[in-house]
Amino acid sequence: MTHDSSPHSPADTTDPARRLTIVVGISGGIAAYKAVGVVRGFVVQGHDVHVVPTEAALRFVGAPTLEAISRNPVHTSVFDDVAQVRHVALGQQADLIVVAPATAHTLAKIAHGLSDDLLGTTILASTAPLVVAPAMHTEMWRNPATVANTELLRSRGVTVVGPADGPLTGGDSGPGRLSEPDEIVAAALAVASRTSSTAHDPAEEARVDDLAGLRLVVSAGGTREPLDPVRFIGNRSTGKQGAAIALAAARRGATVTVVAAELDGAVLRTIAAVPGIRVLPVSTALELETAMRGEAAANDVVVMTAAVADYRPAEVSAGKIKKDDTGDEMVVRLVRNPDVLAGLVADRGVDQTVVGFAAETTDDRDELVALGRTKQRRKGADLLVLNSVGWSAGFGSDDTAVVVIDRDGTDVAEARGTKHEVADALLTAVAALRAV
Ligand code: CTP
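Since this is a predicted model, take the numbers as computed values, not measurements. Within each chain, residues carry numbers counting from 1 in the order of the written sequence. In view of the model being predicted, local features appear only for residues whose pLDDT reaches at least 70, and side-chain atom pairs are presented and counted only at 80 or more, with totals across whole chains, interfaces and linings using the full set of residues. For the side-chain quantities, the full set of heavy atoms in the structure was used; hydrogens and water were omitted.

**Some remarks on the site of the ligand**
Next up, step 1: Near residues are defined by distance, with any heavy atom within 4 Å of the molecule or strand qualifying the residue. In the neighbourhood of the ligand, 16 residues make up the surrounding shell, with A306, L341, F357, K375 and K379 lying closest.
Next up, step 2: By the criterion applied in these results, polar contacts are pairs of N or O atoms within 3.5 Å in which, for protein atoms, one can donate a hydrogen and the other can accept it, and in which residues neighboring in sequence qualify only through two side-chain atoms. Here a nitrogen atom of the ligand and a backbone polar atom of P338 are 3.0 Å apart.
Next up, step 3: Between the ligand and the protein, one listed contact pairs an oxygen atom with a backbone N or O atom of L341 at 2.7 Å.
Next up, step 4: In isolation the ligand exposes 570 Å². Once the protein is present, 79% of that is buried.
Next up, step 5: With a 1 Å grid spanning the protein atoms alone, the term cavity applies to any set of points in which a 1.4 Å probe fits but cannot get out, the term pocket to an open set with protein on both sides within 12 Å along at least five of seven lines, and the term lining residue to any residue with an atom within 4 Å of a point. In this scheme, a molecule is assigned to a cavity or pocket if more than half of its atoms are within 2 Å of the grid points. For the ligand, the cavity whose grid points lie within 2 Å of the majority of its atoms is the largest pocket.
Next up, step 6: A run of H or I in DSSP becomes a helix once it reaches four residues, and a run of E becomes a strand once it reaches two; helices and strands are each numbered from the N terminus. Looking at the shell around the ligand, the elements that each hand over two or more residues are α14 (340-346), β16 (353-360) and α15 (365-379).
Next up, step 7: The leading source of residues in the shell around the ligand is β16, at 4 residues. Per-residue and other accessible areas follow the Shrake-Rupley method at a 1.4 Å probe size, with only the shown protein chains counted as cover for residues.

Take a look at the structure:
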């Protein structure tokens, strides 16, 4: 999605020294149309993208579209331009290869080194980091053959992004949906910046590493407060914003720890697959507090995106609560959880930057800023990121809009776009604050 006011991160560069040569392989599934968004995501960040669709992929999306979006010719056959030895040249030149969507068939081919088309030879001839984003029906994803092929690829260092859980073609629903293009792009660029490729040296210089040496811990997702062994009080956070911050920070050279409360499964798998990102799973607010306090001292930047439950049940039943025992009405007594962010601010280390988020149910910018300033007086974070949430905004969505205020309540940044774009804008604001 295009936004005129998209923030410009250091990765949004036309600097040729920072330009990666990226091969995007597309295999033949209905999700092939979404690969256009992946190609575009790399192109708008200034990278040189070469699309290699399989023959089957071209039945779902046309070569002219892929050529127009990638701004490069599109070939599928090993017999095109034989004199240029294209079947290995692309793979040798690549700094990064991304296959999206990767069908069950293509995963199997890559796992077993089959190379009966240009995509197969390109992958075999390359030492560049390889990222695959599977998309298929749930039954195919769960088939032992696909499971084994995916594990084989992972064991060889291939990064598997997704698949997400959601509606599939033909009315089915379940794991198998292609991850969102922005997430694939963010994860792939984070992998490229963290993985040493021997393909050729300019890739080393191509890495955007303005946060190199920085240690960042971010909490993400939503906490769950148990009532009994099977029930909990939770919230709708998916962890997408925290994951986007983790991926952007890793791409820009930071060492990243994610304290992951309950996250969308595909988002969790994606960040866990990226080198340079460590994931510490937690569930309750108290567990999150312990983990964040344990990690904070070892980090330069502490970011609290997690939706932390303000209250937890006073008693947790050891066995399942039975209707026969509770009757027609049930009262749950809740007790206050600690304010984790306020505690981290109070114990902030020298040179440490603490960033909080503020979720408010208002669409009005002035009201959002006013509510944020009031919250900032309570929290005292170095930066507080204000965003609107509601029944249909914020949680789970891919786009967002934020206003960032400093300790005095002054607006220091404003960003609108995908959560990945907003993550980059926020990290730029953090870097600017630390440079002062
Ligand atoms: N937060 C926290 N501990 C809590 C509640 C929230 O650390 N018990 C953090 C969140 O991670 C976020 C910031 O505080 O960075 C603001 O969270 P938000 O839910 O917007 O505000 P609350 O403090 O919960 O205030 P209210 O519910 O009254 O809006």
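**Re the confidence of the model for the protein chain**
Next up, step 1: pLDDT expresses, on a scale from 0 to 100, how confident the predictor is about each individual residue. Of the residues in the protein chain, 90% have a pLDDT of 70 or more, and the chain-wide mean is 89.
Next up, step 2: For residues 1-14, every residue scores under 50 in pLDDT, and the model assigns this stretch 30 contacts once sequence neighbours within four places are set aside.
Next up, step 3: Below pLDDT 50 for its whole length, residues 197-207 participates in 22 contacts with residues either more than four positions away or in separate chains. Residue contacts follow a heavy-atom distance rule, with two residues in contact if any of their heavy atoms lie within 4.5 Å.

**With respect to the pattern of salt bridges**
Next up, step 1: The working definition used for a salt bridge is a side-chain nitrogen of Lys or Arg within 4 Å of a carboxyl oxygen of Asp or Glu. Using the criterion set out here, one finds 22 salt bridges in the structure.
Next up, step 2: Of the charged contacts in the structure, one is a salt bridge between E295 and R278, with a shortest N-O distance of 2.5 Å. Remark: R278 occurs in strand β12 (residues 277-281) and E295 occurs in helix α12 (residues 285-296); sequence separation between them is 17 residues.
Next up, step 3: The residue R407 makes a salt bridge to D382 at a minimum N-O spacing of 2.9 Å. Remark: D382 occurs in the loop between α15 and β17 (383-388) and R407 occurs in the loop between β18 (399-406) and β19 (411-418); sequence separation between them is 25 residues.
Next up, step 4: Using a relative accessible area of 6% as the deciding quantity, one classes D382 as buried.
Next up, step 5: Through salt bridges that share partners, D210, R251, R252 and D424 make up one connected network. In this scheme, a residue with accessible area under 20% of its type's maximum is buried, one over 50% is exposed, and one in between is partly exposed, where area comes from a 1.4 Å probe on protein chains only.

**Considering unusual backbone geometry**
Next up, step 1: Cis geometry marks the peptide bond from A100 to P101, where omega comes out at -5°.
Next up, step 2: The residue P101 is located in strand β3 (residues 96-102) in this model.
Next up, step 3: In this structure, P163 follows G162 across a cis peptide bond, with omega equal to 5°.
Next up, step 4: Checked against the element boundaries, P163 lands in the loop between β5 (159-160) and β6 (164-167).
Next up, step 5: We note that R71 has phi near 65°; this positive angle belongs to a residue other than glycine.
Next up, step 6: As for its position among the elements, R71 is in the loop between α2 (63-70) and α3 (86-93).

**Re the domain arrangement of the protein chain**
Next up, step 1: Each assigned domain of the protein chain is listed with its residue range as follows: domain 1 (19-195) and domain 2 (201-435).
Next up, step 2: The domain limits used here are those given by an automatic or database domain assignment. Here the C-alpha centroids of domain 1 and domain 2 sit 31 Å apart.
Next up, step 3: The interface of domain 1 with domain 2 comprises 22 residues on the first partner and 20 residues on the second.
Next up, step 4: Buried area: the sum, over both parts, of the accessible surface (1.4 Å probe) that disappears when the two are put together. Carbon and sulfur atoms make up 57% of the surface buried where domain 1 meets domain 2, a total of about 1,700 Å² over both sides.
Next up, step 5: On inspection of domain 1 and its partner domain 2, the count reaches 5 residue pairs in polar contact (both at pLDDT 80 or more).
Next up, step 6: Where the side of domain 1 that touches domain 2 is concerned, the elements lending two or more residues are β5 and α8 (181-194).
Next up, step 7: The biggest single contributor to the side of domain 1 that touches domain 2 is α8, with 10 residues.
Next up, step 8: Under this grouping Gly is polar, as are all residues other than the nonpolar Ala, Val, Leu, Ile, Met, Phe, Trp, Tyr, Cys and Pro and the charged Asp, Glu, Lys and Arg. Among the residues forming the side of domain 1 that touches domain 2, the class breakdown is 11 nonpolar, 4 polar and 7 charged.

**Details of the sheet that holds β18**
Within a beta sheet, neighbouring strands are joined by backbone hydrogen bonds and run either parallel or antiparallel to one another.
Next up, step 1: Strand order in the open sheet formed by 8 strands is β12-β11-β8-β13-β16-β17-β18-β19, with mixed pairing between adjacent strands. Pairing within the sheet leaves two strands with one partner each, and these edge strands are β12 and β19. Here the average twist between neighbouring strands, direction ignored, is 20°.
Next up, step 2: Relative to β12, strand β11 (residues 255-260) runs parallel, the two being bridged by 5 bridges. Looking across to β12, one finds that V258 is bridged to V279.
Next up, step 3: Sitting on the sheet, helix α10 (residues 240-251) is in contact with β8 (215-220), β11, β12, β13 (301-304), β16 and β18, with an inclination near 165° to β8. One requirement defines pairing of two strands: DSSP has to find at least two bridges between them. With axes taken as lines fitted to C-alpha atoms, and helix axes fitted only over the stretch in contact, angles between N-to-C directions fall between 0 and 180 degrees.

**Focus on the layout of surface pockets**
Next up, step 1: The space that makes up the largest pocket amounts to roughly 900 Å³.
Next up, step 2: What lines the largest pocket is a set of 37 residues, among which A306, A307, V308, F357 and A359 lie closest to the centre.
Next up, step 3: Among the secondary structure elements, those contributing two or more residues to the lining of the largest pocket are α10, α14, β16 and α15.
Next up, step 4: Per-element tally for the lining of the largest pocket: the top contributor is β16, with 4 residues. Grid points are joined across faces, edges and corners, and a volume is the space filled by probe spheres set on the points.

**Here's the deal with the side chain of K109**
Next up, step 1: Note on placement: K109 falls in helix α4 (residues 104-111).
Next up, step 2: Residue classification places K109 among the buried positions, given a relative accessible area of 12%.
Next up, step 3: Excluding anything up to four places from it in sequence, K109 contacts L114, D116 and D117.

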